[in-house]
Amino acid sequence: MTSTPVIQTRDLTKSYGSAAAVRGLNLSVEPNCITAFLGQNGAGKSTTIKMLLGLVRPSSGEGTVLGMRITDAEENREMRRKVAYVAENKPLYGYMTVEQTIRFVSSFYTDWRADIASKLLNEYKLPPQRKVKSLSKGMRTKLALLLALARRPELLILDEPSEGLDPVGIEHLLQMLVALAADGVTIFFSSHQIAEVERVADHICILDNGRLLVNASLDELRQSYRRIDLVFPVPPPEREFQIVGVERIESKGHEMRVFASKNAEAVVERAHNLNAVSVEVAPVALREIFLETVKEN
Amino acid sequence: MNVFFKLTTTTGQPLYLQLMQQIRHAAETGALQDGDQLPGIRTLAEELVVSPNTVAKAYSELEHDGLLELRQGSGAFVCVKRRTRSLADHVQVARRRLRDLVERLREDGLLDEEIRRAFEAELLYPAETVRKQ
Amino acid sequence: MLWYKVWLETRSRFLTSLATLTIFSAVFVHHAEGLQRPEWTAAYNRLLYITQQYIVVMWILAVILLGMGGIVREKATGASSLTLSLPVSRALLLGVHVGVGALEAIILAVVPWTGIFLVSSHAGMPILISQVEFYVLLLVAGGLVYFAMAILVSCLVEGEYTAPAVAFGLVFLTTIVFDAWLRPLNLWRLVTGDFCLDRHTYLLSGRFPWLGALACCSVAGVMLLVSVRVMKRREF
């Protein structure tokens, strides 16, 4: 796609004292895609998202969302009209009822879809007259999601949206995301639930320790990451396999396991040149890609 | 919809390729007939809970291959041409030959799991097969 | 709709304060009715003056409570990211909080006094509307400093209970300090009308201290401007 990225950051950094939460992030999120932002707890996902929305000021670096600078309060406010966001802790006002919450939030947006709101209210079985503070955690999560899903924003940013949902709720959420994506909404969501990500995401960003380690389309990842198990007649020399694309090498006696993010063909070729007796190339599921990437770092 | 699709995330194969293969397979086996209509991108994406881009990519690749005809606003239609039919015959023959081959490999003492991995390796790296010979 | 949110947020605090002040005023009126006729005027005015001091104390407590809340408190309760994701500026969020709070503060000053005035006149007790006006104006003009201070504290101090504790502590401390060393500038004396009270008639006399009121408004204004600046720079 040649269209301009919806989210773009350049060397975005956030430090708290001497500890860096986000380090030199160069993120680029394409429009009309579902992009998943993967990382362990504390990897810097929420801090990044908060910087994008102007809740946290970057220590250095810059970024734009929908072409508007995140460090400019005025532009940032303008951007928030077109962006729907649900924070990690599913924030709501305890002193409002469900109905009051919906009325309050909806008044700020011209892209509010009352039909979807009432449909979701029914599907989620949310009692309109109940005070938010007396709702269960699952219901609060659903209400917080409803406030973002009942719009047609240009960009939807969700921070750990499935946290606090049961499997049925998660499935429903993913369906909603897919439906919004079909309407042309760009979706950027953070998660550490690989299973939900690998079905709906077009694009994957893996963040670890504040650094962006992977930024690629999921199809590309699936096609290029390979695990190659090799058996040699004599204990193999690891350095022969330290080539571009090889992320990790493990050897045990005559066996060797190579984990490659690309260039698996070259690994296979070298293995044959070194008279490997067995060469097995296996695709790698996203879960393993994630774990290997994070371990690597 | 008259066909079930089942996409799995555990294999290393992109979802759009899986979908393409399953549509093609359905057309070859006759589960999808010439002129049958496939669900719209949005509907199928919601049903399979995959990104609409996945469905769109599969559809447009299949259109490129001539197996689907995308009509503006009214969806995707299967167009099974003679080529596809003869392909179906080829597949029949290929399966028979594969069955024979698998039988022979088993006789040679290979376990099913080993055979499966060998097939996968060959399919993933066809160039390698040529070079070895 | 931001006012609606602030109203819902402060509603229970406001109504509780209003009820307390109203009940207190009713008790005063009831007490005044029992006073003996001959010494009526002076005794009544004295009672009015004493009552007024209690009203001021309660009003200040109420106004500080009304100044609490806002986004920093929401940070502690976890709702700030919803508020801040709305397409409104932080200055506006604070502005609406201040606006609704100030309006509630004025109502809290006007209602008990109006009640006292109406009931007193109805019972044929000599209460001067000019006295009531004097008291209310002093309360609002001087009291807004307390309100602005509460807002400033609520922008600086996190924690659901820390902020009100700090605010109350500050009021207490400043009152003592000013009383001891800076008596002429003591806000408490302005708000209660202590400095212009005639000790014989217990009536507020003299002209309304416009200069003092103006100074109070300026101080309150500065504190609110500082609050806006603090708010703009804060991270959530």
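Criteria and thresholds
- Residues numbered from 1 in each chain as written.
- Chains lettered and ligands numbered in written order.
- Predicted model: local features only at pLDDT ≥ 70, side-chain atom pairs only at ≥ 80, totals over all residues.
- Heavy atoms only, no water.
- Helix = DSSP H or I, 4+ residues; strand = E, 2+ residues; numbered from the N terminus.
- Rg over C-alpha atoms; globule rule 2.2 N^0.38 Å.
- Buried < 20%, exposed > 50% of the residue type's maximum accessible area, 1.4 Å probe, protein only.
- Contact = heavy atoms within 4.5 Å.
- Areas by Shrake-Rupley, 256 points an atom, 1.4 Å probe, with all protein chains shown as cover.
- Buried area = accessible area lost by both parts, 1.4 Å probe.
- Salt bridge = Lys/Arg side-chain N within 4 Å of Asp/Glu carboxyl O.
- Polar contact = N/O pair within 3.5 Å; in protein donor to acceptor, adjacent residues only side chain to side chain.
- Nonpolar A, V, L, I, M, F, W, Y, C, P; charged D, E, K, R; others polar.
- Pairing = 2+ DSSP bridges.
- Axes fitted to C-alpha atoms, helices over the stretch in contact; angles between N-to-C directions.
- Parallel < 35°, antiparallel > 145°, perpendicular 65-115°, else oblique.
- Left-handed = near helix turned anticlockwise from the far one by under 90°.
- Disulfide = S-S within 2.5 Å.

Student: What should I look at first to understand the overall build of chain C in this one?
Tutor: Looking only at helices and strands, chain C features nine helices and two strands. Seen in sequence order, chain C has helices and strands lined up from the N terminus as α-α-α-α-α-α-α-α-β-β-α. Relative to the 2.2 N^0.38 estimate, which gives 18 Å for 236 residues, the radius of gyration of chain C is 19 Å and therefore close to what a compact globule would have. With the C-alpha coordinates of chain C rotated into their principal frame, the extents come out at 65 × 35 × 25 Å. For chain C, the proportion of its 236 residues judged to be buried stands at 50%. Put simply, of all contacts in chain C between residues at least 6 apart along the chain, 80% involve residues at least 24 apart. Accessible surface for chain C amounts to roughly 11,000 Å². Of this, 70% is attributable to carbon and sulfur atoms.

Student: In this structure, what is going on with the interface of chain C and chain A? I would like to understand it.
Tutor: Many authors give the size of an interface as the accessible area that is lost as the parts come together. Counting residues at the interface gives 24 residues for chain C, matched by 26 residues for chain A. Of the roughly 2,400 Å² buried between chain C and chain A, counting both surfaces, carbon and sulfur atoms make up 59%. In terms of surface lost to chain A, no three residues of chain C exceed Leu 82, Pro 87 and Glu 235 of chain C, which account for 26% of the buried area on that side. Across the contact surface, chain C and chain A share one salt bridge. The partner of Lys 14 of chain A in a salt bridge is Glu 235 of chain C, with the nearest N and O atoms 2.9 Å apart. Linking chain C with chain A are 12 residue pairs in polar contact (both at pLDDT 80 or more), by the criterion used here. Listed by contribution, the elements that provide at least two residues to the side of chain C that touches chain A are helix 1 (2–33), helix 4 (80–85) and helix 9 (210–233) of chain C. Here the side of chain C that touches chain A is composed, by residue class, of 11 nonpolar, five polar and eight charged.

Student: What's the story with the pairing of strand 10 (residues 203–208) of chain A in this structure? I'm lost.
Tutor: Residues in a regular strand project their side chains so that they alternate between the two faces of the sheet. Residue and element names in this part refer to chain A. Counted residue by residue, strand 10 has six buried out of six residues, so it is predominantly covered. Burial along strand 10 is two-sided: the face carrying His 203, Cys 205 and Leu 207 and the face carrying Ile 204, Ile 206 and Asp 208 are both buried. In terms of strand pairing, strand 4 (residues 34–38) meets strand 10 through four bridges, oriented parallel. Counterpart to Ala 36 in the pairing with strand 10 is Ile 204. Where strand 10 folds back onto strand 11 (residues 211–217) in an antiparallel hairpin, the turn is made up of two residues, including Asn 209, whose phi is positive at roughly 55 degrees.

Student: I tried to follow the packing of helix 6 (residues 129–156) of chain C against helix 9 of chain C on my own but got confused; where do I start?
Tutor: Any two packed helices are characterised by the angle at which their axes cross and by the distance between the axes. Residues and elements named next belong to chain C. Close contact between helix 6 and helix 9 brings their axes to 8 Å; oriented N to C, the two are set at 15 degrees. Relative to helix 9, the element helix 6 is oriented roughly parallel. The element helix 6 and its partner helix 9 pack so that their crossing is left-handed. Where helix 6 abuts helix 9, its residues Ala 141, Gly 142, Leu 144, Val 145, Ala 148, Met 149, Ile 151, Leu 152, Cys 155 and Leu 156 lie against Ala 213, Cys 216, Val 219, Ala 220, Met 223, Leu 224, Val 226, Ser 227, Val 230 and Met 231.

Student: Would you take a moment to explain the state of the cysteines for this structure?
Tutor: As used here, a disulfide is simply a covalent bond connecting the sulfur atoms of two cysteines. On inspection of all chains with the given rule, the structure shows zero disulfides over all chains. Of all cysteine sulfurs, the one in Cys 33 of chain A lies closest to Cys 205 of chain A, which takes part in no disulfide; the gap is 11 Å. Assessed through its relative accessible area of 0%, Cys 205 of chain A is described here as buried. There is no disulfide at Cys 216 of chain C, and the cysteine sulfur nearest it, in Cys 217 of chain C, is 6.9 Å away.

Student: What am I meant to see in the sheet that holds strand 15 (residues 278–283) of chain A here?
Tutor: Pairing between the strands of a sheet comes from backbone hydrogen bonds, and it takes one of two forms, parallel or antiparallel. Residues and elements named next belong to chain A. Across the sheet, which stays open at both edges, the four strands sit in the order 13-14-12-15 with antiparallel pairing between neighbours. Edge positions in the open sheet fall to strand 13 (246–252) and strand 15, since each of these has one partner strand only. This sheet shows a mean twist of 15 degrees between the axes of neighbouring strands, independent of strand direction. Contacts between helix 9 (residues 264–273) and the sheet are confined to strand 12 (226–231), strand 13, strand 14 (255–260) and strand 15, with strand 12 contributing the most and set at about 5 degrees to the helix.

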